[in-house]
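Each chain, written out:
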Amino acid sequence: MFRVVDPDAVALQPTSTERLTADGYLPLPGLITADGLALLRREAAGLEALARRRDFSMACMDDSPRHMTTLGGQIIGEASEEIPALYQDSDLLELVSRLAGEPVSEVDDPVERHVLNILHREGDTHGAHTDDHPYALVLFLEAPDDPADGGLVHFLPHAGALRDLDTADDARTAHHRAGDAYLLRSDTTAHRVTPLTRPGLRRTVLNFAYTTPASRPHSTGSAAELYT
Ligand SMILES: O=C(O)CCC(=O)C(=O)O
Ligand SMILES: [Fe+2]
């Protein structure tokens, strides 16, 4: 079987872990193979019929906006073979562990393990938040080619408060194309996805959550609001 992701496509630097620790974010351009992208897009296209539209402000995340269509891991786990298989893939776990500089493992929570997020209308956005689990591997199935069209990741590492994302000098944005991925220290890095700027654009990601032996499970309730 062909590989869905190609760890060798990622230029592993000895400094990758330091970079992730300092920036809270590590780009992994071209991690998904061409065949892998076609497969994941087919899976996502089939799953989209099961996904639910969400338009609300999330109280536990400073009332930040959610305008997006989502599908939780509990449904992906029943409806897809390929996505759960990739989530548990030992090569992928090894890659994430190597980049994180510590062993990471699967999250037990069926909702949060792997989720599908689709931005597909003008103004669609995934507002500011932190995740419940320490690491997020975000895989891009579709994304605007032009950074001016929005869908950028906006992030602030080691954030004291979510509102600092809007004001801190060291907050950054990053643009990704279909086939790219990034790894985020997602429990301490405030992050959001900037709004799509016009109709006709689409941005679809899979978010794989991973945990570590040292991390204590905590739940903000945000996943239940967005994915159940
Ligand atoms: O879409 C992204 O780039 C981020 C997704 C995310 O933050 C999440 O699903 O928790
Ligand atoms: Fe997140």
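Scroll up to find the structure this text is about.
Because the structure is predicted, anything quoted here is derived from the model rather than measured. (Residues numbered from 1 in each chain as written. Chains lettered and ligands numbered in written order. Predicted model: local features only at pLDDT ≥ 70, side-chain atom pairs only at ≥ 80, totals over all residues. Heavy atoms only, no water.)

Asks: Before we move on, can you summarise the packing of aromatic side chains with the specific residues and values?
Replies: For the coordinates displayed, the defined rule picks out five aromatic pairs. Between the aromatic rings of Tyr25 and Tyr182, the centroid separation amounts to 5.4 Å while the plane-to-plane angle is 45°, which identifies the pairing as tilted. Taken as a pair, Tyr25 in strand β1 (residues 25-28) and Tyr182 in strand β10 (residues 181-185) lie far apart in primary sequence, 157 residues in all. For the pair Tyr25 and Tyr182, one class covers both residues: buried. Relative to Phe208, the ring of Tyr87 has its centre 5.4 Å away and its plane inclined at 85°; by these criteria the two rings are edge-to-face. Of this pair, Tyr87 sits in helix α4 (residues 82-87) while Phe208 sits in strand β12 (residues 203-211), and the two are 121 residues apart along the sequence. We note that Tyr87, like Phe208, is buried. (Phe/Tyr/Trp six-rings, centres within 6.5 Å; stacked < 30°, edge-to-face > 60°. Helix = DSSP H or I, 4+ residues; strand = E, 2+ residues; numbered from the N terminus. Buried < 20%, exposed > 50% of the residue type's maximum accessible area, 1.4 Å probe, protein only.)

Asks: Which residues make up the nonpolar core, and what values do they have?
Replies: Grouped together as the largest cluster of nonpolar side chains are 39 residues, with contacts concentrated most on Leu137, Phe208 and Tyr210. When contributions to this core are tallied by element, the ones reaching two or more residues are β1, α2 (34-47), α4, α5 (90-100), β5 (114-119), β7 (135-142), β10 and β12. Top contributing element to this core by residue count: α5, with six residues. Ignoring sequence-local partners within four residues, the contact set of Phe208 consists of Ile83, Leu86, Tyr87, Leu92, Arg113, His114, Tyr135, Ala136, Leu137 and Leu139. Grouped together as the second largest cluster of nonpolar side chains are 18 residues, Met68, Val111, Leu156 and Tyr227 included. (Core = buried A, V, L, I, M, F, W, Y, C linked by side-chain atoms within 4.5 Å. Contact = heavy atoms within 4.5 Å.)

Asks: So, the site of ligand 1: which residues are in play, and what are the values?
Replies: Neighbouring residues of ligand 1: 13 residues in total, closest Asn117, Tyr182, His191, Arg203 and Asn207. The separation between an oxygen atom of ligand 1 and a polar side-chain atom of Asp131 is 3.2 Å. Here Asn207 contributes a side-chain N or O atom positioned 2.7 Å from an oxygen atom of ligand 1. Burial of ligand 1 by the protein chains amounts to 94% of its free accessible area of 290 Å². (Near = heavy atom within 4 Å. Polar contact = N/O pair within 3.5 Å; in protein donor to acceptor, adjacent residues only side chain to side chain. Areas by Shrake-Rupley, 256 points an atom, 1.4 Å probe, with all protein chains shown as cover.)

Asks: Describe the environment of His158, with residues and values.
Replies: Relative to the elements of secondary structure, His158 occurs in the loop between β8 (153-156) and α6 (164-167). Apart from the residues lying within four places of it in its own chain, the contact partners of His158 are Thr21, Ala22, Thr188 and Thr189.

Asks: I'd like a description of the packing of helix α1 (residues 16-23) against α5, backed by residues and values.
Replies: Two elements in contact, α1 and α5, have axes separated by 7 Å at closest approach and are oriented at 70°. As the angle between them shows, α1 and α5 are arranged roughly perpendicular. Facing Ser16, Thr17 and Leu20 of α1, the residues of α5 in contact are Arg98, Leu99 and Ala100. The residue inventory of the contact of α1 with α5, partitioned by class, reads three nonpolar, two polar and one charged. (Axes fitted to C-alpha atoms, helices over the stretch in contact; angles between N-to-C directions. Parallel < 35°, antiparallel > 145°, perpendicular 65-115°, else oblique. Nonpolar A, V, L, I, M, F, W, Y, C, P; charged D, E, K, R; others polar.)

From the geometry alone we can't say anything about function, so treat these as descriptive.
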